[in-house]
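Per-entry structural report
So you can see what is in the structure, the chains are spelled out below.
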Amino acid sequence: MTQAPARRTTSIRRHDREIVALAVPAFGALVAEPLFVMVDSAIVGHLGTAQLAGLGVASALLTTAVSVFVFLAYATTAAVARRVGAGDLQAAIRQGMDGIWLALLLGAAVIAVVVPTAPALVDLFGASHTAAPYATTYLRISALGIPAMLAVLAATGVLRGLQDTRTPLYVAVAGFVANAALNAGLVYGAGLGIAGSAWGTVIAQCGMAAVYLTVVIRGAHRHGASLRPDAAGIRASAQAGVPLLVRTLSLRAILMIATAVAARLGDADIAAHQIILSLWNLLAFALDAIAIAGQAIIGRYLGADDPRGAREACRRMVQWGIAVGFVLGLLVVIGRPLFLPLFTSDAVVKDTALPALVMVALSQPICGVVFVLDGVLMGAGDGPYLAGAMLVTLMVFTPVALLVPVLGGGLTAIWAAMTLMMAVRLLTLWLRSRSGRWIVTGATR
């Protein structure tokens, strides 16, 4: 009678070790990436207000362009992890190379679009006549690094699929340090101004891509995997990424709608909204780290034809998501008086943000489960369902958010709508996880 509880305890401890080993380095790598923009802002900010405003517009465009292709990491992680679970490392790395080749092709296409249209894109984002030239300069130069950025996404997915989140952490930290040094040297030492900041970022990103490619190529040589582009494999990677692209675009649309509605409420509301959104994104990094662990672990179990292990891992990660969500929510409530003064001294903005922060805190346990189940289904290669579920969520959220200026409630009502959005996601993901239809075993889905 005592053997079954003992086995469960051993299983829980094993899952905990796996989750921590993958999630903690993943969190560090996730946090390191936004620091690139922060360093650029700090260095360029001393050049002048127009330069900083130009950087703000250009970085927003670049962030949007790159984040749209985050499926390169997600889809590659799931596909590679399945092959790892099946014990076929050669095919795993070959699968990863297909994702990297796709990233390079997409990066070249983005350059072809962004470089000639940079002035029009900057104008579309409403840059002032003084900031526009700086934004155009930064955007055109930084666009040259987009293939490297996308290759980094795909290669990160390869290593995550191989159950390695430490290497991405080391590369991200090294890239951050190199970016800071290059920016300072080129902007002030070489006197290149905002162009120096752009070139520093491009060089840092290319260096990161070179390190990743070196690691992957060594793995390919070790296991006899081909490095040549394979049209069928690249096409399969693109097809697997399309549903995740739809999911990402739907989520971006939700965030844009929320920001647009907040802007209609007034300056204090949009200022408070931006502060809260920055915190929400930071909290998302912590939860996304568990989701990344979920992608790698679930893909491996399914590839190894172990549905029971996949279910147990899913159950344990959901428990982690709830626990981390409660802790984060508690920290938000406790830290509200300390957090807001870091961003503003305006009493009106603070008063507007305080009740909305309560909604953010209350939603964190929900967010914890959503992020985990999202990662589980990505790891299972269940992209079409995720795309459909996010489209449903967008259709529910949009009318509710657009009614906020009519019905009242201010910024708190917007974040109540955001909480509703996460609750809808929770319902759709929970129904799918309960159905078991995501459990498709084998080296490929």
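Attention in this report is confined to the structure presented alongside it. Keep in mind it's a predicted model, so treat the numbers as computed, not measured. Numbering of residues starts from 1 in every chain and runs along the sequence as written. The model is predicted, so local features are restricted to residues of pLDDT at least 70 and side-chain atom pairs to those at 80 or more, both for listing and for counting; the totals for chains, interfaces and linings are taken over all residues. Excluded from the side-chain calculation are hydrogens and water; included are all heavy atoms of the structure.

A separate point is the overall build of the chain. Each helix is a run of H or I in the DSSP string that is no shorter than four residues. Each strand is a run of E no shorter than two, and both are numbered from the N terminus. Regarding its fold elements, the chain presents 15 helices and zero strands. A simple rule labels every residue: compare its accessible area, found with a 1.4 Å probe on the protein chains alone, to the largest value its type can have, and call it buried under 20%, exposed over 50%, or partly exposed in between. Here the chain holds 445 residues, and 51% of them are scored as buried. Taking all contacts inside the chain whose residues are at least 6 apart in sequence as the whole, residues at least 24 apart take part in 83%. Computed by Shrake-Rupley with a 1.4 Å probe, the accessible areas treat only the displayed protein chains as cover when residues are assessed. When the accessible surface of the chain is totalled, it reaches about 18,900 Å², and 69% of it is carbon and sulfur. Charge assignment in this entry is limited to Lys and Arg as positive and Asp and Glu as negative, and neither His nor the chain termini are counted. For the purpose of locating charges, the reference atoms are NZ of Lys, CZ of Arg, CG of Asp and CD of Glu. Separation between the mean location of the 30 positive side-chain charges and that of the 19 negative ones in the chain comes to 9 Å. The contact definition used throughout considers only heavy atoms, calling two residues in contact when any of these lie within 4.5 Å.

Once that is clear, we can look at a nonpolar patch on the surface. Within the patch definition used here, like charges are joined within 9 Å and nonpolar side chains (Val, Leu, Ile, Met, Phe, Trp, Tyr) within 5 Å, considering only residues with over 30% relative accessible area and no salt bridge. Salt bridges are counted wherever a side-chain nitrogen of Lys or Arg sits within 4 Å of a carboxyl oxygen of Asp or Glu. A surface patch of nonpolar side chains, about 450 Å² in accessible area, is lined by Leu391, Val392, Met395, Val396, Val400 and Leu420. Locating Val392 in the fold gives a position in helix α13 (residues 383–402).

With that out of the way, let us pick up unusual backbone geometry. Most peptide bonds take the trans configuration, and most residues that are not glycine carry a negative phi. Unusually for a residue other than glycine, Gln163 sits at a positive phi of about 70°. By the element assignment, Gln163 lies in the loop between α6 (146–161) and α7 (166–189). On the basis of relative accessibility, which here comes to 22%, the residue Gln163 falls in the partly exposed class.

Overall, the coordinates contain eight salt bridges when judged by the stated rule. Between Asp98 and Arg94 there is a salt bridge whose closest N-O contact spans 2.7 Å. Of the two residues, Asp98 and Arg94 both sit in helix α4 (residues 89–124), four residues apart, roughly one turn of that helix. You can call Asp98 buried: its relative accessible area is 5%. The buried category is assigned to Arg94, whose relative accessible area is 18%. Here Asp374 makes a salt bridge to Arg247, at a shortest N to O gap of 2.6 Å. Taken together, the residues Asp374 in helix α12 (residues 347–379) and Arg247 in helix α9 (residues 231–265) connect sequence positions 127 residues apart.

Okay, the environment of Thr167 next. Within the secondary structure, Thr167 sits in helix α7. On a C-alpha basis, the gap between Thr167 and Ile439 in space is 29 Å, while along the polypeptide they are 272 residues apart. Whenever a nitrogen or oxygen atom comes within 3.5 Å of another N or O atom, the pair is scored as a polar contact, on the condition that within protein one atom can donate a hydrogen and the other can accept it, and that pairs from neighbouring residues in sequence are kept only if both atoms are in side chains. A polar side-chain atom of Thr167 sits 2.7 Å from a polar atom in the side chain of Asp164.

Accessibility expressed as a relative area gives 6% for Asp374, which makes it buried. Excluding anything up to four places from it in sequence, Asp374 contacts Arg247, Leu386, Arg425 and Leu429.

Helix span, as expected, comes to 1.5 Å for every residue beyond the first. Here α6 is 16 residues long and its end C-alpha atoms lie 23 Å apart, about the 22 Å a rise of 1.5 Å per residue gives. With 16 of its 16 residues buried, α6 lies for the most part within the structure. Two residues or fewer after α6 comes Gln163, characterised by a positive phi angle close to 70°.

Moving on, we get to the environment of Val242. For Val242, the position within the fold is in helix α9. Val242 gets classed as partly exposed once you look at its relative accessible area, which sits at 46%. Along the sequence, Val242 and Met208 sit 34 residues apart, while their C-alpha atoms lie 26 Å from each other.

Structurally, Arg445 is set in the segment after α15 (410–435). With a relative accessible area of 41%, Arg445 lands in the partly exposed category. A C-alpha to C-alpha distance of 53 Å links Arg445 and Gly191, two positions 254 residues apart in sequence. Within the structure, the side chain of Arg445 is placed 2.9 Å from the backbone oxygen of Ala380, a separation counted as a polar contact.

Here we come to α9. One full turn of an α-helix is made of 3.6 residues, so residues set three or four places apart face in the same direction. The terminal C-alpha atoms of α9 lie 50 Å apart, and with 35 residues this matches the ideal 51 Å at 1.5 Å per residue to within 8%. To get the bend at a residue, fit one axis to the 7 residues ending there and another to the 7 starting there, then take the angle between the axes. Helix geometry: α9 is bent most strongly at Val242, by close to 30°, with proline Pro243 lying one to four residues after it. Where α9 terminates, the next one or two residues include Gly266, which has phi positive at roughly 130°.

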